[in-house]
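Fold and geometry: a report
Read off the chains here:
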Amino acid sequence: MNDSILTFKTKRLRIEQTLLLLIDFQEKLIPTMEDPTGLLKNSALMIEGARLFSVPILATEQYPKGLGRTLETIRKHLPDDFEFIPKLEYSCFGNEAVRQQFANWPSTKQIVIVGIETHICVLQTALDLLDQGFDVILPVDALNASTLLKHETALKRLEKSGAILTTVESILFEWGITAENKKFKELSRLVKMFK
């Protein structure tokens, strides 16, 4: 099928319009999460997939002086010179430095969010982005909170507010579009590696 004749009326993910936002994968926060192992594994896969498809990545740290830096488990999937944006605001989009970074990618319309906590920083960030007209995509297997109740309640609110709930693997294969994609073999290898 020729892509040039397709007209999308749904919020289909498009690589050239997407940005990946990593929220607060920090030393003192991660151990308090309901499922830190699944969160870290799926988030690492999301980062590697974004890098494979050259999707820009932003990352924040909530009050790093008190909550520590981003875990090495996540940092090792990013370039050595990657810069994390410190913040005090719960909403990443409430932070001036984050908003300035968005200006670097004016074609961005879709924001994929991974991180913690679903009911605080993720929730407030997603609501602000929705208010600004962005499509917000939430891979639920790369989000977490200190309890399942907090996580699931926030997801219900976010979906009712217009966020799109999905999974990491679904996003990656949507970016890939077809098994004929030249990056298909690498994508398949990544998915198997993180199973």
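Use the structure listed above.
Note that the structure is predicted; figures quoted are calculated from it, not measured.

**Examining the nonpolar core**
L20, L22, F25, M46, I57, L78 and W175 are the most contacted members of the largest nonpolar core, which totals 37 residues. Per-element tally for this core: the top contributor is helix α1 (residues 36-52), with eight residues. Counting residues in hydrophobic clusters, the runner-up holds 25 residues, among them L127, L130, F134 and A163.

**Regarding the packing of aromatic side chains**
For the structure shown, the criterion picks out five aromatic pairs. Centre to centre, the rings of F53 and W175 are 6.1 Å apart; their planes meet at 70°, and the pair counts as edge-to-face. Taken as a pair, F53 in the loop between α1 and β2 (57-62) and W175 in helix α7 (residues 168-176) lie far apart in primary sequence, 122 residues in all. Just as F53 is buried, W175 falls in that class too. Their ring planes at 70° and their centres at 5.5 Å tell us that F102 and F134 sit as a pair that is edge-to-face. Taken together, the residues span a long stretch of sequence, with F102 in helix α4 (residues 96-102) and F134 in the loop between α5 (118-131) and β5 (135-139) at a distance of 32 residues. You'll find F102 and F134 in the same group, each marked buried.

**Examining the side chain of T108**
Locating T108 in the fold gives a position in the loop between α4 and β4 (110-116). In this structure, T108 is in contact with Q17, L19 and F134, ignoring residues within four places of it in sequence.

**Some words on unusual backbone geometry**
Between I116 and E117 the backbone carries a cis peptide bond, its omega angle lying at -20°. Non-glycine residue D24 carries a positive phi angle of around 60°. By the secondary structure assignment, D24 is in the loop between β1 (18-23) and α1. Owing to a relative accessible area of 1%, D24 belongs among the buried residues under this scheme.

**A few points about the packing of α7 against helix α8 (residues 184-193)**
The interhelical angle for the contact between α7 and α8, taken along N-to-C directions, is 175°, at an axis separation of 11 Å. Between α7 and α8, the interaxial angle falls into the category roughly antiparallel. On α8, the residues touching E169, L172 and F173 of α7 are F184, L187 and V191.

**With respect to α1**
Taking 1.5 Å per residue as the helical rise, α1 with its 17 residues ought to reach 24 Å, and the 24 Å between its terminal C-alpha atoms agrees with that figure. Among the residues of α1, those classed as buried are G38, L39, L40, N42, S43, A44, L45, M46, I47, G49, A50 and L52. S54 lies just past α1 and shows a positive phi near 60°.

Rules behind the numbers
- Residues numbered from 1 in each chain as written.
- Predicted model: local features only at pLDDT ≥ 70, side-chain atom pairs only at ≥ 80, totals over all residues.
- Heavy atoms only, no water.
- Core = buried A, V, L, I, M, F, W, Y, C linked by side-chain atoms within 4.5 Å.
- Buried < 20%, exposed > 50% of the residue type's maximum accessible area, 1.4 Å probe, protein only.
- Helix = DSSP H or I, 4+ residues; strand = E, 2+ residues; numbered from the N terminus.
- Phe/Tyr/Trp six-rings, centres within 6.5 Å; stacked < 30°, edge-to-face > 60°.
- Contact = heavy atoms within 4.5 Å.
- Axes fitted to C-alpha atoms, helices over the stretch in contact; angles between N-to-C directions.
- Parallel < 35°, antiparallel > 145°, perpendicular 65-115°, else oblique.
- Expected span 1.5 Å × (residues − 1).

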